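Listed here are the chains, written in short residue letters.
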Amino acid sequence: QEGFLRRIGISYGLSLHSKYAVHKGYPEAIVALGGLPLMFASASAIPTISEEPELSLESLAKEMVGSVDALLLTGGWDVEPHFYGQEPGEELEATEPVRDHFEAALIKESLSQGKKVLAVCRGIQILNVTLGGTLYQDLVAAGFSEHSDEAREYQVSHSVTFQRGSVLAELMEGATGVNTLHHQGIDELGEGLRAVAHAPDGVVEAVEGEGIVGIQWHPERLFARDKRHLAGFRWLMA
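Quick caveat: nothing in here was measured; it's all calculated off a predicted structure.

K.L.:
Honestly, the overall build of the chain in this entry has me stumped. Any pointers?
P.N.:
Helix and strand counts for the chain stand at six helices and 13 strands. For 238 residues, the compact-globule estimate of 2.2 N^0.38 gives 18 Å, and the C-alpha radius of gyration of the chain, at 17 Å, lies within 12% of that figure. Along the first, second and third principal axes, the C-alpha set of the chain runs to 55 × 50 × 35 Å. The burial tally for the chain puts 52% of its 238 residues in the buried class.

K.L.:
In this structure, what is going on with the nonpolar core? I would like to understand it.
P.N.:
Side chains of a nonpolar character, in soluble globular proteins, are inclined to be buried together. Counting 30 residues, the largest nonpolar core has Ile8, Ile30, Leu72, Leu118, Trp217, Phe233 and Leu236 as the members making the most contacts within it. Of all the elements in the fold, those that place two or more residues in this core are β1 (7-15), α1 (25-32), β4 (70-73), β5 (116-120), β11 (194-198), β13 (212-215) and α6 (231-237). Among residues more than four places away in sequence, those in contact with Trp217 are Val120, Cys121, Phe162, Met172, Val178, Asn179, Glu205, Ala206, Leu222 and His229. Formed by 29 residues, the second largest nonpolar core is a distinct cluster that contains Leu71, Val79, Phe102 and Leu127.

About the thresholds
- Residues numbered from 1 in each chain as written.
- Predicted model: local features only at pLDDT ≥ 70, side-chain atom pairs only at ≥ 80, totals over all residues.
- Heavy atoms only, no water.
- Helix = DSSP H or I, 4+ residues; strand = E, 2+ residues; numbered from the N terminus.
- Rg over C-alpha atoms; globule rule 2.2 N^0.38 Å.
- Buried < 20%, exposed > 50% of the residue type's maximum accessible area, 1.4 Å probe, protein only.
- Core = buried A, V, L, I, M, F, W, Y, C linked by side-chain atoms within 4.5 Å.
- Contact = heavy atoms within 4.5 Å.

So this is what it looks like as structure tokens:
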């Protein structure tokens, strides 16, 4: 249909200072590609986890996912370790369990409905956990390099090596420099996921699966300078 916009559900959660917030680059990337961003706040799930919920989390996810063409999971706080069978470590930062359960339900429903999922930073982590994988609660404590370079939030901080033949390897058109704003990372891969990019120290930087692309860096902060970082968003919109 002429003028039809592909609708993208953008999931986000709590930020500092009692705000629900998402970086402007996520919806702006969707708009730049001709899409319509619809914002899914984790607050939506609060009534489903009350003592006597009138609406199940699964029903909520079914309705929300049914209203869009694809799902975009954004960055944010740490994933609650109990969600992947671990006790919280000393390096764990702020968590939002409601968001964990909310996004897990959205992921499962999206895959059930055959709709694409693009997961960025925290997004790749909750995606991996939802599919049965685990995380390093802190990369430095696990023996990796420091991966939180906030001073270069909008600049290239390190390189990544892509697996030849992967979706991202093709769509990135030779761009290998990324920013890095995370302290957690993928340990054991979730079911159906394959690692398709790694940092120089071996940290998983991207995963792919059936209808899934997960990116550990923040392309929403880089595409204004380098349009090649619209790659994941282009895949989601296709």
